[in-house]
Amino acid sequence: MSRFKFSKEHLKEVRFPLGGIGAGNVSVDGAGRFVDWEIGNRPNKLTRNAYSHIAVKAERDGALLGARALNGPLQPTFIGDECDIAHNGYGSGPARHTLAGVPHFTDVVMEAKFPVAKWNFDGKFPGKVSMKAFSPFEPINDYDSSLPMGMFEVEFENTDDLPIDYTVAFSIANPFPEKPINSAKKHDGLTSFMCSTGGYEKELHKAGEICVTTDCEDTSVQEFWFHGDWFDTVSVFWSDFKACGHIKPRSYPDDQRKTDEAGTLCAHVKCAAHSTVKVKFVLSWYFPIFEKYWGAKREGQTVNDTWKNWYATQFDGSLAVADYTFKNWNRLQTATDLFVDTVFNSTMPEEMIDAAVSTLAVLKSPTCIRLTDGSFYGWEGCNGNHGSCEGSCQHVWNYQYALPFLFPKLERSMRELDFKYNFRQDGGMSFRVQLPVGTPPNTFRSCADGQFGAVIKAYREWKICGDDGWLSSMWPYVKKAIEYAWSETNGDMWDHDKTGVLHGRQHHTLDMELFGPNSWLTGFYLAALDAGARMADAMGDSEFAEMCREIFEKGKKWVDENLWNGEYFFHKIDVYDKSILAVYDENPKDTMPKDAVKVYWNDELGQIKYQVGEGLSIDAMVGQWHADMCGLGDIFDPQKVETSLKSLMKYNFADPIGDWFNPCRMFSLQDESGLVICTYPEGRQKPRIPVPYGEETMHGFEYAAASHMILRGMTDDGLKCIKSVRDRYDGHRRNPFNELECGSNYARSMAAWSFVNVWLGLEYDMTKRYVKFNPIKADTSSIWSLSTGWGGFAQSKNKTVFSVHGGDFRLKTLELSDIGAVTATLDGEEVRFTQEGYVLRFEAELCIKAGQSLVLTLK
């Protein structure tokens, strides 16, 4: 079966997210059940919101033909949840909220191509039933991609010789314990059922709404399920639903309402013999006030700081969201389907498509937040009911290449927050943005990969948007961030002598510090120097540009001569030399705690702890990967980069992983395979306590390395690494839409979007309106997304087609690989240009609009 179809046991772990960027999500599992209601401004894993579900029934001439919950079979285990809850936990069987005891379908096949999923149900029911669910997702269009809602289409195919009356019942529960309000409303041809609260007047961050809406003409509503004891509530609901015709209305006075009050919106349709009919629903939510629920409260605050969600500045409630969705349904669906078609019809290998697109689910998760002004903020990932590791962590978000290309405005907002609010007077940066914005930066030391990654990303964002004015606003901060490496106030003494090599204490993404020169973190420094020189040129700062280039060349030469062991670049340190640590404790300019010896020296072992040393790190070449991805030059010798990547595959790829020792977190295990963070080939000394996480496999690192391999011609090896990750996320072992690291929905995995650019050989400089495509395969088609537009690119022997599907795209120079003399047309009209080899320079700048294609045909 395809990687994008799931059935039987491979449905067990599937959780498909519906929602918007920074707007929260509700997931639908592989069997069609609603799970993980993460709509209240924080993670909320393993939740069901009581008996929320969809059910269907069929009737003819006042006789019931069938009624079932729109679910497939529940997957084992059937013992009960792993918790100690009397009569409703382990040993009590499956939770009743699964509705596994209600008639449902006997089989289901799910096809999931993010952001669209479809469930085909099979069982004892008259006709065929399927459900399609999605939330809008269109590159560049961050507005529609950030809506707090999910869209549903339930389709019936009547295979009988007589007409059938079908009903779809969409039930939701009211999660608010204080003054729950269930209400129905007809408006503008729509019918809505809403669950909200009449309480929390003084605690607005707890208030919210959940709403289900349909545009079906014939509807009925039961605002409240029956109040009873034991199992009466569900029993009476099912009786009410199975009765032919409209569902029975019911209400209760305010003083009789309780927690988890459920209600149902029914849509009724007639389906002729041997025909099909669809019913549309929108599930929308509105939790306008975000509370900073972590960290210390400010003095005088009864609750932590609060602010308004971005979507709450655009809509005044869940009804308004539903109204907008139905008014724009066709456009939203067309754009989303076009994205799916363009990606999944690509000639990229299936495992590349799977990784690149499935990891975009992070953007729909509570990992991501949009602040009041629309700025983007991210956790590293999600724990069960709170974010994992706050602050748009520089060194984690370094790896992801989805946001800068798919939603570049949001990525630029990350740079703006970072340089404005994470910046210290001496140029040092905190690597975690504190909320609410304006809160002073964290006082912990700067991290080398994060600080220099911020510089590299500023360069990338400038080249993507092509706006010199934007760079000008960032340049004073970027320049000072580079200078911090040499600053006397830098207590970590990164590079006081301007050698181009980081010799000092270097905090990094593996949560500790390296001491001494290494290609991993010096690679970030060299790429930042290269980027800094180029940005300085654009800003007219020739003196700083010359300085950066001089330091860069010295550093590049030193690394080449001193950190190469014949197989790979390494970390140069004598782990037996305690004096390496003592210098930091004796440094009067270091404002951090004097703890280097205390934290890193172990008397029993007589060694410095947590170092890479002679090991082969998966990130030894990551600085060069960033340089390649961002259009910079070689920061290491190209031949040595290739040899190092081959060594990485030789020594770090574990198959099966179960034969390898791993005392850390297990993101691969037993018969699975993966690329290990750090290994010590025979003859290389391994510190007794090496770098943390060194025995793990972490997906974002694996994707970055695989991407780099493919860039450097090691396509088969790169694909092997990608496949090893995605094979772990097969729906049976793990959720294909939730790659793990420090929690769920981990941001680093979005490194996988780099595969799209790598496959196309995409290079760009929008300051010059220049784009280059150099695909890996001669006959290629795929998606592209850059600057203000997105679309498809297809190249064959005789024709190249550059199509814009959304936004628009300005182009002055186009470079292609291996083409002869061509003619060019835009939307059927001839375009004039000059051609020099593979480079086409258009006489007038082209503005290619959505729906238009630039076609190059071989003469």
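Residues numbered from 1 in each chain as written. Predicted model: local features only at pLDDT ≥ 70, side-chain atom pairs only at ≥ 80, totals over all residues. Heavy atoms only, no water.

Colleague: Can you help me understand unusual backbone geometry in this one?
Modeller: Among all residues except glycine, the phi angle is most often negative; among peptide bonds, the trans geometry is most common. In this chain, Pro76 is followed by Thr77 through a cis amide linkage whose omega measures 20°. Along the chain, Thr77 turns up in the loop between β6 (63-69) and β7 (107-113). With an omega dihedral of 5°, the bond running from Asp655 to Pro656 counts as a cis peptide bond. With respect to the helices and strands, Pro656 occurs in the loop between β29 (653-654) and β30 (674-675). Although it is not a glycine, Asp511 sits at a positive phi angle of roughly 75°. Counting through the fold element by element, Asp511 comes out in the loop between β24 (505-507) and β25 (513-515). Residue classification places Asp511 among the partly exposed positions, given a relative accessible area of 35%. Its identity is not glycine, yet Ser787 carries a phi of approximately 60°, on the positive side. (Helix = DSSP H or I, 4+ residues; strand = E, 2+ residues; numbered from the N terminus. Buried < 20%, exposed > 50% of the residue type's maximum accessible area, 1.4 Å probe, protein only.)

Colleague: Sorry if this is basic, but what is going on with the packing of aromatic side chains here?
Modeller: To describe a pair of aromatic rings, one takes the distance between the centres and the angle between the planes. Enumeration according to the criterion identifies 63 aromatic pairs in this entry. For the pair Trp230 and Phe231, a centre-to-centre distance of 6.0 Å together with 75° between the ring planes defines the contact as edge-to-face. Classification of Phe231 by relative accessible area gives partly exposed; the value is 45%. On the basis of an interplanar angle of 15° and a centroid distance of 4.7 Å, the ring pair of Trp784 and Phe802 is categorised as stacked. With Trp784 in strand β34 (residues 780-786) and Phe802 in strand β36 (residues 799-816), this pair connects stretches of sequence that are 18 residues apart. (Phe/Tyr/Trp six-rings, centres within 6.5 Å; stacked < 30°, edge-to-face > 60°.)

Colleague: I tried to follow helix α10 (residues 519-538) on my own but got confused; where do I start?
Modeller: Structurally, the α-helix is built with 3.6 residues per turn, so residues lying three or four positions apart point the same way. The end-to-end C-alpha distance of α10, which contains 20 residues, comes to 28 Å, matching closely the 28 Å that a straight helix rising 1.5 Å per residue would cover. Counting buried residues along α10, 17 of its 20 residues qualify, which places the element largely inside the surrounding structure. If you check the start of α10, you find a side-chain oxygen 3.4 Å away from the backbone N of Trp520, and it comes from Asn518. Immediately beyond the C-terminal end of α10, within one or two residues, lies Gly540, with a positive phi of roughly 75°. (Expected span 1.5 Å × (residues − 1). Polar contact = N/O pair within 3.5 Å; in protein donor to acceptor, adjacent residues only side chain to side chain.)

Colleague: Can you walk me through the sheet that holds strand β14 (residues 209-214) in this structure?
Modeller: Picture the strands of a sheet paired through backbone hydrogen bonds; they go either parallel or antiparallel. Pairing within the open sheet is antiparallel, and its nine strands lie in the order β1-β7-β8-β9-β10-β17-β14-β13-β12. Every interior strand has two partners, whereas the edge strands, β1 (5-7) and β12 (180-187), have only one. Shown here is a sheet whose adjacent strand axes are inclined to one another by a mean of 15°, direction ignored. Relative to strand β13 (residues 190-197), β12 is paired through eight bridges, and the arrangement is antiparallel. Counted as the bridge partner of Ala184 is Phe193 from β13. Sitting on the sheet, helix α2 (residues 318-327) is in contact with β10 (149-158), β12, β13, β14 and β17 (275-286), with an inclination near 145° to β17. Its contacts with the sheet place helix α3 (residues 329-344) against β7, β8 (116-122), β9 (128-134), β10 and β17, and it is angled at close to 85° to β10. (Pairing = 2+ DSSP bridges. Axes fitted to C-alpha atoms, helices over the stretch in contact; angles between N-to-C directions. Contact = heavy atoms within 4.5 Å.)

Colleague: What exactly am I supposed to notice about the sheet that holds strand β16 (residues 261-271) here?
Modeller: If you trace the five strands from one edge of the open sheet to the other, you get β6-β5-β11-β16-β15, paired in antiparallel fashion. Each edge of the sheet is formed by a strand with only one pairing partner; in this case those strands are β6 and β15 (219-222). Taken over all neighbouring pairs, the strand axes of this sheet differ in orientation by 20° on average, direction set aside. Here strand β5 (residues 53-60) runs beside strand β11 (residues 164-174); their pairing, made up of seven bridges, is antiparallel.

Colleague: Any chance you could explain the environment of Phe290 here in plain terms?
Modeller: Inspection of the secondary structure puts Phe290 in strand β18 (residues 289-291). For the pair Phe290 and Asn41, spaced 249 residues apart in sequence, the C-alpha to C-alpha distance is 6.0 Å. The residues contacting Phe290, other than those within four sequence positions of it, are Asn41, Asp305, Thr306, Trp307, Asn309 and Ile369.

Colleague: Would you mind showing me how to read the pairing of strand β33 (residues 770-773) here?
Modeller: In the case of a regular strand, side chains alternate between the two sheet surfaces. Alternating residues of β33 divide into Tyr770 and Lys772 and Val771 and Phe773, and every residue in both groups is buried. Pairing analysis gives three bridges linking strand β32 (residues 763-765) to β33, with the strands arranged antiparallel. Note that in β33 the partner of Asp765 across the bridge is Tyr770. Counting the residues that bridge the hairpin from β32 to β33 gives four residues, and of these Arg769 lies at a positive phi of roughly 55°. Taken together, the four bridges between β33 and β36 define a ladder with parallel strand orientation. The partner of Tyr770 across the bridge, within β36, is Thr813.

Colleague: Teacher, can you tell me more about the pairing of strand β2 (residues 15-20) here?
Modeller: In terms of burial, β2 is a largely internal element, six of the six residues being buried. Because side chains alternate across β2, one face comprises the buried residues Arg15, Pro17 and Gly19, and the other comprises Phe16, Leu18 and Gly20, equally buried. When β2 meets strand β3 (residues 24-29), the two strands line up antiparallel, connected through six bridges. Directly across from Pro17, in β3, lies its bridge partner Ser27.

Colleague: Even after reading the chapter, I still don't get the nonpolar core, so can you show me in this structure?
Modeller: In a soluble, globular protein the nonpolar side chains are often hidden away together inside. Core analysis: the biggest nonpolar cluster contains 233 residues, and Phe152, Phe156, Leu363, Trp753, Phe773 and Leu854 have the highest contact counts within it. No other element matches α10, which puts twelve residues into this core. Residues contacting Trp753, with those up to four places away along its chain left out, are Phe339, Ala356, Val357, Leu360, Tyr401, Ala402, Phe405, Leu406 and Ile783. Judged by nonpolar contacts, the second largest core, of 17 residues, contains Ala50, Tyr51, Leu99 and Ile247. (Core = buried A, V, L, I, M, F, W, Y, C linked by side-chain atoms within 4.5 Å.)

Colleague: Can you help me understand the packing of helix α16 (residues 699-711) against helix α17 (residues 715-726) in this one?
Modeller: Two packed helices can be described by the angle between their axes and the distance between those axes. At a minimum axis separation of 7 Å, α16 and α17 run at an interaxial angle of 160°. Our classification of the angle between α16 and α17 gives roughly antiparallel. Classified by chirality, the crossing of α17 by α16 is left-handed. Contact residues: His699, Glu702, Tyr703, Ala706, Met709 and Ile710 in α16; Thr715, Asp717, Gly718, Leu719, Cys721, Ile722, Ser724, Val725 and Arg726 in α17. Taken together, the residues of the contact of α16 with α17 sort by class into eight nonpolar, four polar and three charged. (Parallel < 35°, antiparallel > 145°, perpendicular 65-115°, else oblique. Left-handed = near helix turned anticlockwise from the far one by under 90°. Nonpolar A, V, L, I, M, F, W, Y, C, P; charged D, E, K, R; others polar.)

Colleague: Quick question: what am I supposed to make of the pattern of salt bridges here?
Modeller: When charged atoms on two side chains of opposite charge get close, those side chains can pair. Taken as a whole and judged by the stated rule, the model has 50 salt bridges. Note that Asp165 and Lys270 form a salt bridge whose closest N and O atoms lie 3.3 Å from each other. Here Lys270 lies in strand β16 and Asp165 lies in strand β11, a separation of 105 residues in the sequence. With its nearest N and O atoms 2.9 Å apart, the salt bridge here joins Asp765 to Lys463. Linking Asp765 in strand β32 with Lys463 in helix α8 (residues 448-465), this pair joins segments that are 302 residues apart in sequence. One exposure class covers both Asp765 and Lys463, and it is buried. Sharing partners across several salt bridges, the network here consists of Arg3, Asp354, Lys723, Arg726, Asp727 and Glu739. (Salt bridge = Lys/Arg side-chain N within 4 Å of Asp/Glu carboxyl O.)

Remember, this is a structural readout, not a statement about activity or role.
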